Every structure is written in C-alpha cells, then in structure tokens.
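# Coordinate inspection notes
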Amino acid sequence: MWFGWLVGFIIQGVIWGFATDAVVNNKGYDENWFWWGFFFGFIALIVALTKPECHSSYDYQASSLLSQVAQEESGKRMLRNDGWNCQCGRVNPSYTGTCACGRSKDMVNEQKKKVEEEKKSQEKLVEDNLKLDNLKKMKELLDAGAITQEEYDIKKKQLLDI
Ligand SMILES: [Zn+2]
C-alpha cells in the first residue's frame, strides 16, 4: 500500500533530518539542515559530515580573552620596570614619553603629584582640627581646675609642636 510507504518515508526523513541538523549544529553552524536531511537522507548527512568545523565565534571570544590577559600581563611587567600608568588606563613603558591618547609622561606625573599634595593638605587640615579640639578640651580642664597651668602648657607645647 502506498500509504504505508509514505509513513515509512516520513519517519525515515525525520530521522535523517534530525541527524543531519544535529551534525551541522555540532560543527558550530547556526543553520537549519533538517529539510536537507529529510529529503536527501544519506547524501545530506555525508555532505554535513564533510563540512569544515565552524567555531569562529567561540574562537574569537577565546582569542580576545587571551589578548586581554596578555595585555594585562605586559602592563604589570612594564609597571615593574619603571613603566607609568596613564590616566586613560594604558600602561606605558618607561622609555615612552607620550601615551597613545596624547598625554605626556610629565603631564601625568604632574597630575598625580597635584592629587597627592591635595590629599596631604586635606589630611593636615583634619589633623590640625583634631589638635585644636584637644587644645580646647585642655583649656576647659584648666578652667575647671582639673589640671594646672603648668600641665596645660606642656600639653599645649606637645600639641602645637613648638
Ligand atoms: Zn593615555
């Protein structure tokens, strides 16, 4: 009966279709080969099997990750060898005077110095305020009669560094 033959053909086609599609997808292709397998069966599967591997997107990710790691490593090495860290994030070897972004080594160093000085003066201000607070407390103690004038003077000398 032709009907039995048709059912057999469809079942076989589905099996070849899935197999062919699976092979192609496993090779890294983002293509649907189901219908090639369905209609051409064995031939489609052979064609699929002879296709070259296609994992370019994975390879690309892996290589970009590797180059990133290599870049970081070379940056660390350069810093160890007196390299300098630019504000743009690049690490330049010590013999390079100007970064690829256009900033010069002196400019970056100047900027760093400025930031450090600002931080230092900020710290000094906090320290001075603390000293002043302490001195005020000592004055209160003196006024309350808890410490003598002599003790206050000693403490004052210590705090004001004179
Ligand atoms: Zn730079």
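Residues numbered from 1 in each chain as written. Predicted model: local features only at pLDDT ≥ 70, side-chain atom pairs only at ≥ 80, totals over all residues. Heavy atoms only, no water.

An unreviewed UniProt entry lists the chain under the name SHOCT domain-containing protein, with Lachnoclostridium phytofermentans as the source organism.

## With respect to the overall build of the chain
Across its full length, the chain holds six helices and two strands. In the chain, the succession of α and β elements from N to C terminus is α-α-α-α-β-β-α-α. By the compact-globule yardstick of 15 Å for 162 residues, the chain is too spread out, its C-alpha radius of gyration being 39 Å. The C-alpha extent of the chain, read off along each of the three principal axes, is 125 × 50 × 20 Å. Looking at the 162 residues of the chain, the share that counts as buried comes to 19%. Counting contacts in the chain only where the partners sit at least 6 residues apart, residues at least 24 apart contribute 27% of the total. Just so you have it, the chain exposes about 12800 Å², and 59% of that area is on carbon and sulfur atoms. One finds the centroid of the 21 positive side-chain charges in the chain at a distance of 4 Å from the centroid of its 23 negative side-chain charges. (Helix = DSSP H or I, 4+ residues; strand = E, 2+ residues; numbered from the N terminus. Rg over C-alpha atoms; globule rule 2.2 N^0.38 Å. Buried < 20%, exposed > 50% of the residue type's maximum accessible area, 1.4 Å probe, protein only. Contact = heavy atoms within 4.5 Å. Areas by Shrake-Rupley, 256 points an atom, 1.4 Å probe, with all protein chains shown as cover. Lys, Arg positive; Asp, Glu negative; His and termini not counted. Charge placed at Lys NZ, Arg CZ, Asp CG, Glu CD.)

## Quick word on the coordination of the zinc ion
Reference geometry at the metal: tetrahedral coordination by four donors gives ideal angles of 109.5 degrees; octahedral coordination by six donors gives 90 or 180 degrees. Bound to the zinc ion on the protein side are C86 (SG), C88 (SG), C99 (SG) and C101 (SG), at distances that span 2.2 to 2.3 Å. Considering all four donor atoms around the zinc ion, angles at the metal cover 108 to 112° and the coordination shape is tetrahedral. The sequence motif formed by the donor residues of the zinc ion is C-x1-C-x10-C-x1-C. According to the relative accessible area criterion, C86 is buried, its value standing at 5%. (Donors = N, O, S within 2.8 Å, 3.2 Å for Na, K, Ca; no water. Tetrahedral: all angles 85-135°; square planar, octahedral: opposite > 155°, others 65-115°.)

## Notes on the UniProt feature "transmembrane region" (unreviewed entry) in the chain
Under the feature "transmembrane region" (unreviewed entry), the UniProt entry names residues 33-50. For residues 33-50, the helix share is 89%, the strand share is 0%, and the end-to-end C-alpha distance is 14 Å. (UniProt positions renumbered as here; feature names shortened; annotations may be inferred.)

## Things to note about the packing of aromatic side chains
Evaluation of the coordinates by the stated rule reveals 12 aromatic pairs. Between F34 and W35, the ring centres sit 5.0 Å apart and the planes meet at 85°, which makes this aromatic pair edge-to-face. The ring of Y29 has K51 sitting right over it, with the charged end atom 4.3 Å from the ring centre. (Phe/Tyr/Trp six-rings, centres within 6.5 Å; stacked < 30°, edge-to-face > 60°. Lys NZ or Arg CZ within 6 Å of the ring centre and 35° of its normal.)

## Examining a negative patch on the surface
There is a patch of like negative charges on the surface, built from D106, E110, E116 and E117. Considering the arrangement of structural elements, one finds D106 in helix α5 (residues 105-144). (Patch = residues over 30% accessible without salt bridge, like charges linked within 9 Å, V, L, I, M, F, W, Y side chains within 5 Å. Salt bridge = Lys/Arg side-chain N within 4 Å of Asp/Glu carboxyl O.)

## Things to note about the environment of G97
By secondary structure assignment, the location of G97 is in the loop between β2 (91-92) and α5. Separated by 38 residues in sequence, G97 and L135 place their C-alpha atoms 50 Å apart. Setting aside its immediate chain neighbours within four residues, G97 contacts W84, R103, S104 and K105.

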